[in-house]
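These are the residues of each chain, in order.
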Amino acid sequence: MSAVLILVPAFNEEGAVGRVVEEIHAAMPGTPVVVIDDCSRDGTVATALRAGAEILPLPHHLGLGGCVQAGYKLAYERGFDYVIRVDGDGQHDPNDIPRLLDALRTSGCEMVIGSRFIEGKEYTSFSRSLGIQFFRLVLRPILGREVRDPTSGFVGVNRRALEVFSKSFPLEYPEIEALVVLQRKRFRFLEVPCRIRPRTTGRSSITPVKSFYYIVHVLLGVLVNVLRLRPKP
Ligand SMILES: Nc1nc2c(ncn2[C@@H]2O[C@H](COP(=O)(O)OP(=O)(O)O)[C@@H](O)[C@H]2O)c(=O)[nH]1
Ligand SMILES: [Mg+2]
């Protein structure tokens, strides 16, 4: 039987993380859940512990990418075969985890992405959907195919991707650059329909003001990764 770990990155998510952990336990009984705490200043750690999660406390605030990579390193070192990332803000529905895991196991793809655009209409803010459409266009020629939801953080990886990501993973806003890292390794990904729920507490890291910074930052990251894609002379 292959070993599965659920990783939950969290920064100041005391209002949501307890419920997230409980929902994961209900959907995936017996599967270990690690909440990676990015130096939260609220009761995130106490709430997650009460709900039955293990905590990976970061010694410094790293931002989302560093936070997720710390979790990937832990999972790789502990020998897990599959890892599913579920955000600590309650936007990902843990009932979708078995479907992601199933797709990961049966397809042999290195990564599966929970995509909000494959089925029906989903919750997305206006600025977010503009960003998604922009990055679809940017990524298409690089990946050689369309990715419907390139900013989704609801992703599952197998051990081959875990090995790569535990060594090389984008620091701040990781989702889009991670796809280019995958492409560099000629790894495959698959999108699986998922429900993304609106945030009910806490704050998103991508505010309208930060959107511009996000776009420039991610574009530069993509460019650096594309340059690395080219074969060495
Ligand atoms: N905002 C923020 N979230 C972080 C950070 N480190 C880890 N996270 C967690 O990463 C997840 C995704 O962040 P979020 O801001 O909701 O991104 P969005 O869903 O793409 O708008 C949440 O579970 C956060 O708690 C950080 O430095 N800032
Ligand atoms: Mg979120």
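One structure accompanies this document, and this report is about it.

The rules behind the values
Residues numbered from 1 in each chain as written. Chains lettered and ligands numbered in written order. Predicted model: local features only at pLDDT ≥ 70, side-chain atom pairs only at ≥ 80, totals over all residues. Helix = DSSP H or I, 4+ residues; strand = E, 2+ residues; numbered from the N terminus. Expected span 1.5 Å × (residues − 1). Buried ≥ 20, exposed ≤ 12 C-beta atoms within 10 Å, placed from the backbone. Contact = placed C-beta atoms within 7 Å. Axes fitted to C-alpha atoms, helices over the stretch in contact; angles between N-to-C directions. Parallel < 35°, antiparallel > 145°, perpendicular 65-115°, else oblique. Left-handed = near helix turned anticlockwise from the far one by under 90°. Pairing = 2+ DSSP bridges. Core = buried A, V, L, I, M, F, W, Y, C linked by C-beta atoms within 7 Å. Right-handed = clockwise from strand over helix to strand, strands pointing away. Near = placed C-beta within 6 Å.

1. With respect to helix 3 (residues 64–77)
1) Next: Taking 1.5 Å as the rise per residue, helix 3 with 14 residues should run 20 Å; its terminal C-alpha atoms sit 20 Å apart, in good agreement.
2) Next: Burial analysis of helix 3 places eleven of its 14 residues in the buried class, which makes it a mostly covered element.
3) Next: Taken residue by residue, helix 3 has Leu 64, Gly 65, Gly 66, Cys 67, Val 68, Gln 69, Ala 70, Gly 71, Tyr 72, Ala 75 and Tyr 76 as its buried positions.
4) Next: In this structure, the buried residues of helix 3 make contact with strand 1 (4–10), strand 2 (33–37), strand 3 (54–57), strand 4 (82–85), helix 6 (159–167) and helix 7 (174–184).
5) Next: Where helix 3 ends, the next residue or the one after it, Gly 79, has phi of about 85°, a positive value.

2. A few points about the packing of helix 3 against helix 6
1) Next: Running from amino to carboxyl end, helix 3 crosses helix 6 at an angle of 130°, the nearest separation of the two axes being 8 Å. In terms of orientation, helix 3 lies oblique with respect to helix 6. Considering only the axes of helix 3 and helix 6, their crossing is left-handed. Counted together, Gln 69, Tyr 72, Lys 73, Ala 75 and Tyr 76 of helix 3 and Leu 162, Glu 163, Phe 165 and Ser 166 of helix 6 form the full contact between these two elements.

3. A few points about the sheet that holds strand 6 (residues 155–158)
1) Next: Read from one edge of the open sheet, seven strands run 3-2-1-4-6-5-7, paired in mixed fashion. Only two strands of the sheet have a single partner each, and these edge strands are strand 3 and strand 7 (189–193). Each strand of the sheet is rotated relative to its neighbour by a mean of 25°, with strand direction disregarded.
2) Next: Both strand 4 and strand 6 contribute to a ladder of three bridges, which runs antiparallel.

4. A closer look at the nonpolar core
1) Next: By size, the foremost hydrophobic cluster in this structure holds 58 residues, and its most contacted members are Val 8, Val 35 and Val 83.
2) Next: Dropping the residues within four chain positions of it, Val 83 is found in contact with Leu 5, Leu 7, Tyr 72, Ala 75, Gly 156, Val 157 and Leu 162.

5. Let's talk about the pairing of strand 1
1) Next: Most of strand 1 is tucked away, with seven of its seven residues classed as buried.
2) Next: Burial along strand 1 is two-sided: Val 4, Ile 6, Val 8 and Ala 10 facing one way and Leu 5, Leu 7 and Pro 9 facing the other are all buried.
3) Next: Of the strand pairs in this sheet, strand 1 and strand 4 are connected by four bridges, and their pairing is parallel. Residue pairing in the sheet places Val 4 in a bridge with Tyr 82 of strand 4.
4) Next: Relative to strand 2, strand 1 runs parallel, the two sharing five bridges.

6. A closer look at the pairing of strand 3
1) Next: Pairing of strand 2 with strand 3 involves four bridges; the strand directions are parallel. When the bridges of strand 3 are listed, Val 35 appears paired with Ile 55.
2) Next: Tracing the backbone out of strand 2, into helix 2 (residues 44–50) and back to the parallel element strand 3 gives a crossover that is right-handed.

7. Considering the site of ligand 1
1) Next: Taken together, 16 residues lie around ligand 1, and Phe 11, Asp 87, Gly 88, Ser 204 and Ser 205 are the ones closest in.
2) Next: Only strand 1 and helix 3 provide two or more residues apiece to the shell around ligand 1.

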